[in-house]
Structures are given as C-alpha cells and as structure tokens.
Amino acid sequence: MNRLTAVGTAVYTAVGTLGGFIAHLLGGWETAIQTLVCFMLIDYITGIMLAILNKSSKSARGGLDSWAGLKGIFKKMGMLIVVIVANRLDVMAGTDVTRNGCIIILIANEGLSIIENLGTMGVPVPKILINFIEALKNKDDQHKTEEPSEEENNHESEESTGQSESDSESGD
C-alpha cells in the first residue's frame with residue numbers, strides 16, 4: 001500500500017468515526033434528522049443566494065457578509081445541539097418524543113425561512129407548501145400556549161406532597 005492510500009484510508013476512517021459519533025449523539029441518522037439537515041443546508045444556500053442578489057436582511061447593504069454567514073453557521077450548530085440535548089433527555093426517559101418534537105419544530109422553522117428566502121427572490125412558492133409549513137409552525141405555537149399556568153403547577157405540587165398551602169402553614 002502506498003503512502004497516499006494509507007493517508008486517504010486514515011482520513012476516511014477518521015471522518016467516518018466522527019460522523020458515526022455525531023449521528024449517535026443526534027439519536028441516529030433516520031429520515032427526520034436527514035430532513036432537518038437537508039433543510040438547514042437549503043436555508044443556508046438560499047440565504048447566500050439572497051446576499052448575492054443584494055436582498056439579504058442579514059447584512060447592512062443586503063449583500064454577502066462573512067460575519068452574517070458565520071452567525072448563520074453557529075445558529076445551525078445550535079439547532080443540532082438542541083437535538084442532542086433532546087435526544088439525551090429521551091434516552092434517560094426511555095422515549096423519543098422530545099427529540100422528534102424538537103426536530104419537527106426546527107424543520108418547520110427552517111421551512112418557513114426557506115419559503116421567505118424564495119419569496120424574496122421572486123420564486124413562486126405553491127400555496128400547499130406554505131400551508132403545510134405554517135401548520136407545523138402553528139402546532140408548535142399551540143404547544144407553547146398549552147404550558148401549565150403557575151396555579152396549575154402549584155396544584156400539581158400540592159397533590160404530590162399531599163399538602164395544601166394552608167396545611168403547610170398551620171404545621172399539620
């Protein structure tokens with residue numbers, strides 16, 4: 001085996017190992033995470049296209065800006081970190097609900113951004129696609145508004161301790 005082949009094999013092995021480790025942290029490399037990564041790439045590319053056309057809202061003059069691009073990459077990395085955190089919580093709980101919910105929400109956000117970018121470029125976007133992405137986003141907004149109020153949280157904690165606020169104050 002010549003030296004170049006050995007170096008190539010080492011690089012492929014390192015990249016494969018790193019990719020496998022990242023996929024493990026993300027909870028696997030199935031359709032949902034593939035879709036998210038695909039949407040993230042498309043959003044980043046359409047953002048660059050907007051900047052080339054001087055229509056970007058991310059820079060002062062609407063053109064290419066390396067700082068805006070770097071912030072976009074960091075934002076996408078942050079999204080993947082959210083998936084990793086959600087996956088680890090699910091592993092602890094023995095479910096996959098949190099991870100999948102986070103991925104769906106992030107896909108909806110990326111989808112909306114792609115549609116906005118395409119619309120700004122003047123690309124006609126079919127209404128059915130807009131409606132589908134908005135439905136995903138509305139589902140996310142609905143979950144945000146369904147969080148329990150402070151009163152409900154207090155009631156739940158009273159039930160778990162078996163005492164009401166008045167019982168604990170009286171020393172019973």
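No experiment lies behind these values; they were computed from the predicted model shown.

Reading guide: rules and limits
- Residues numbered from 1 in each chain as written.
- Predicted model: local features only at pLDDT ≥ 70, side-chain atom pairs only at ≥ 80, totals over all residues.
- Heavy atoms only, no water.
- Helix = DSSP H or I, 4+ residues; strand = E, 2+ residues; numbered from the N terminus.
- Buried < 20%, exposed > 50% of the residue type's maximum accessible area, 1.4 Å probe, protein only.
- Areas by Shrake-Rupley, 256 points an atom, 1.4 Å probe, with all protein chains shown as cover.
- Expected span 1.5 Å × (residues − 1).
- Polar contact = N/O pair within 3.5 Å; in protein donor to acceptor, adjacent residues only side chain to side chain.
- Contact = heavy atoms within 4.5 Å.
- Core = buried A, V, L, I, M, F, W, Y, C linked by side-chain atoms within 4.5 Å.
- pLDDT = per-residue confidence, 0-100.
- Axes fitted to C-alpha atoms, helices over the stretch in contact; angles between N-to-C directions.
- Parallel < 35°, antiparallel > 145°, perpendicular 65-115°, else oblique.
- Left-handed = near helix turned anticlockwise from the far one by under 90°.
- Nonpolar A, V, L, I, M, F, W, Y, C, P; charged D, E, K, R; others polar.
- Patch = residues over 30% accessible without salt bridge, like charges linked within 9 Å, V, L, I, M, F, W, Y side chains within 5 Å.
- Salt bridge = Lys/Arg side-chain N within 4 Å of Asp/Glu carboxyl O.

A.B. asks: Mind laying out the overall build of the protein, listing which residues take part and the relevant values?
C.D. replies: Along the protein, the regular secondary structure elements total seven helices and zero strands. Across the 172 residues that make up the protein, the buried fraction comes to 24%. When the accessible area of the protein is evaluated, it comes to approximately 12,000 Å², of which 63% is carbon and sulfur surface.

A.B. asks: Describe helix H4 (residues 97-121), naming the residues involved and giving the relevant values.
C.D. replies: One turn of the α-helix equals 3.6 residues, which is why residues spaced by three or four share an orientation. The end-to-end C-alpha separation of H4 is 36 Å, in line with the 36 Å expected for 25 residues at 1.5 Å each. Count one or two residues on from H4 and you reach Gly-122, which has phi positive near 90°.

A.B. asks: Tell me what's going on with the side chain of Lys-76, and back it up with residues and numbers.
C.D. replies: Looking at the secondary structure, you find Lys-76 in helix H3 (residues 66-93). There is a polar contact of 2.8 Å between the side chain of Lys-76 and the side chain of Glu-110. What Lys-76 contacts, discounting residues up to four positions off in sequence, is Met-40, Asp-43, Tyr-44 and Glu-110.

A.B. asks: So, helix H1 (residues 3-25): which residues are in play, and what are the values?
C.D. replies: End to end, H1 covers 33 Å across 23 residues, agreeing with the expected 33 Å (1.5 Å per residue, within 8%). Two residues or fewer after H1 comes Gly-27, characterised by a positive phi angle close to 90°.

A.B. asks: Before we move on, can you summarise the nonpolar core with the specific residues and values?
C.D. replies: Listed in full, the nine residues of the largest apolar core are Leu-26, Ile-33, Leu-36, Met-40, Met-79, Val-83, Ile-103, Leu-106 and Ile-107. Of all the secondary structure elements, the ones that give two or more residues to this core are helix H2 (31-52), H3 and H4. Those residues in contact with Leu-106 that sit more than four places away from it in its chain are Leu-36, Met-79, Val-82 and Val-83. With five residues, the next largest nonpolar core counts Leu-112, Ile-115, Val-125 and Ile-130 among its residues.

A.B. asks: Would you mind going over the confidence of the model for the protein in detail, with residue names and values included?
C.D. replies: Averaged over all residues, the pLDDT of the protein is 83; the fraction at 70 or higher stands at 80%. Of the regions scoring below 50 in pLDDT, residues 151-172 engages in seven contacts with residues more than four places distant in sequence or in other chains.

A.B. asks: Let's hear about the packing of H2 against H4: which residues, and what values?
C.D. replies: Between two packed helices, both the angle of their axes relative to each other and the distance between the axes serve to describe the pair. Put simply, H2 and H4 touch, their axes get as near as 9 Å, and they point 25° apart. It follows from the interaxial angle that H2 and H4 lie roughly parallel. In terms of crossing hand, the pair formed by H2 and H4 is left-handed. Within the contact between the two elements, H2 uses Ala-32, Ile-33, Thr-35, Leu-36, Phe-39, Met-40, Ile-42, Asp-43, Thr-46, Gly-47, Met-49 and Leu-50 and H4 uses Arg-99, Ile-103, Leu-106, Ile-107, Glu-110, Gly-111, Ser-113, Ile-114, Asn-117, Leu-118, Thr-120 and Met-121. Grouping the constituent residues of the contact of H2 with H4 by class yields 14 nonpolar, seven polar and three charged.

A.B. asks: Outline the environment of Gly-27, supporting the account with residue identities and numerical values.
C.D. replies: For Gly-27, the position within the fold is in the loop between H1 and H2. A relative accessible area of 35% places Gly-27 in the partly exposed class. Placed 56 residues apart in sequence, Gly-27 and Val-83 show a C-alpha to C-alpha distance of 8.3 Å.

A.B. asks: Can you lay out a nonpolar patch on the surface for me, pointing to particular residues and giving the numbers?
C.D. replies: A surface patch of nonpolar side chains, about 510 Å² in accessible area, is lined by Trp-67, Leu-70, Ile-73, Phe-74 and Met-77. Take Phe-74: it is sitting in helix H3.

A.B. asks: Account for the environment of Phe-39, naming residues and giving values.
C.D. replies: As for its position among the elements, Phe-39 is in helix H2. The exposure class assigned to Phe-39 is partly exposed, which follows from its relative accessible area of 21%. Distance from Phe-39 to Gly-111, taken between C-alpha atoms, is 6.6 Å for residues 72 residues apart in sequence. Sequence-distant contacts of Phe-39, that is, excluding residues within four places in its chain, are made with Ile-107, Glu-110, Gly-111, Ile-114 and Ile-133.

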